[in-house]
Amino acid sequence: MPDALRKTASYEAMPGEVGRVLLLYSGGLDTSVMLKWIQDRYEAEVVALTVNLGQPGEDYEVIKGKALHLGAVECHVVDAREAFARDYVGPAIKANALYGGGYPRFTALGRPLIANLAVE
């Protein structure tokens, strides 16, 4: 493989360059570890953002409490169920958007909406 194809671009800020971080927080192990890692590595304030897309069995008050308990300075829970259904799920169903032998693409569909909400 040519060297140009092996190279990747990445950027990791140096401690002291970061004061506040928005973390897209699910409440699971990975994002909980990242919350603490960001605090430890950068000594930065962490604001957690959790987006409700209609996942069954989620207790958003528990997720918010966990983020705050771990040291997030704020935790915002955004209810995006209506926008997700209207702007993403409905059009995907109409387009018969399937992958992997027929599974709906709902998890992947949520990513652009979550990113848009994070920017807002």
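Residues numbered from 1 in each chain as written. Predicted model: local features only at pLDDT ≥ 70, side-chain atom pairs only at ≥ 80, totals over all residues. Heavy atoms only, no water.

This part covers the sheet that holds strand 2 (residues 45–52). Pairing within the open sheet is parallel, and its three strands lie in the order 1-2-3. Among the strands making up the open sheet, the edge pair consists of strand 1 (20–24) and strand 3 (74–79). Adjacent strand axes in the sheet meet at a mean angle of 20°, parallel and antiparallel pairs treated alike. Both strand 1 and strand 2 contribute to a ladder of five bridges, which runs parallel. Looking across to strand 2, one finds that L23 is bridged to A48. (Pairing = 2+ DSSP bridges. Helix = DSSP H or I, 4+ residues; strand = E, 2+ residues; numbered from the N terminus. Axes fitted to C-alpha atoms, helices over the stretch in contact; angles between N-to-C directions.)

Each pair of aromatic rings is reported with the distance of its centres and the angle of its planes. Per the stated rule, a full pass over the model turns up two aromatic pairs. Measuring from centroid to centroid gives 5.7 Å for W37 and Y42, while their planes differ by 85°, and the two rings are edge-to-face. If you follow R41 out to its NZ or CZ, it ends over the ring of Y42, 5.5 Å from the centre. (Phe/Tyr/Trp six-rings, centres within 6.5 Å; stacked < 30°, edge-to-face > 60°. Lys NZ or Arg CZ within 6 Å of the ring centre and 35° of its normal.)

In this sheet, strand 3 lies alongside strand 2 in parallel orientation, the contact comprising six bridges. Paired with V51 across the strands is V78, a residue of strand 3. Since strand 2 and strand 3 lie parallel, the crossover through helix 3 (residues 60–69) that links them has a hand, and here it is right-handed. (Right-handed = clockwise from strand over helix to strand, strands pointing away.)

What follows covers helix 3. Of all the positions in helix 3, only Y60, I63 and A67 are classed as buried. Here the buried residues of helix 3 occupy an arc of 60° about the axis, which is enough to place them on one side. Along helix 3, the residues that are exposed and aim more than 90 degrees away from the buried face are E61, V62 and H69. For helix 3, the elements touching its buried residues are helix 2 (29–42), strand 2 and strand 3. Its side-chain oxygen 3.1 Å from the backbone nitrogen of E61, D59 forms the N-cap of helix 3. (Buried < 20%, exposed > 50% of the residue type's maximum accessible area, 1.4 Å probe, protein only. Arc of directions from axis to C-beta. Contact = heavy atoms within 4.5 Å. Polar contact = N/O pair within 3.5 Å; in protein donor to acceptor, adjacent residues only side chain to side chain.)

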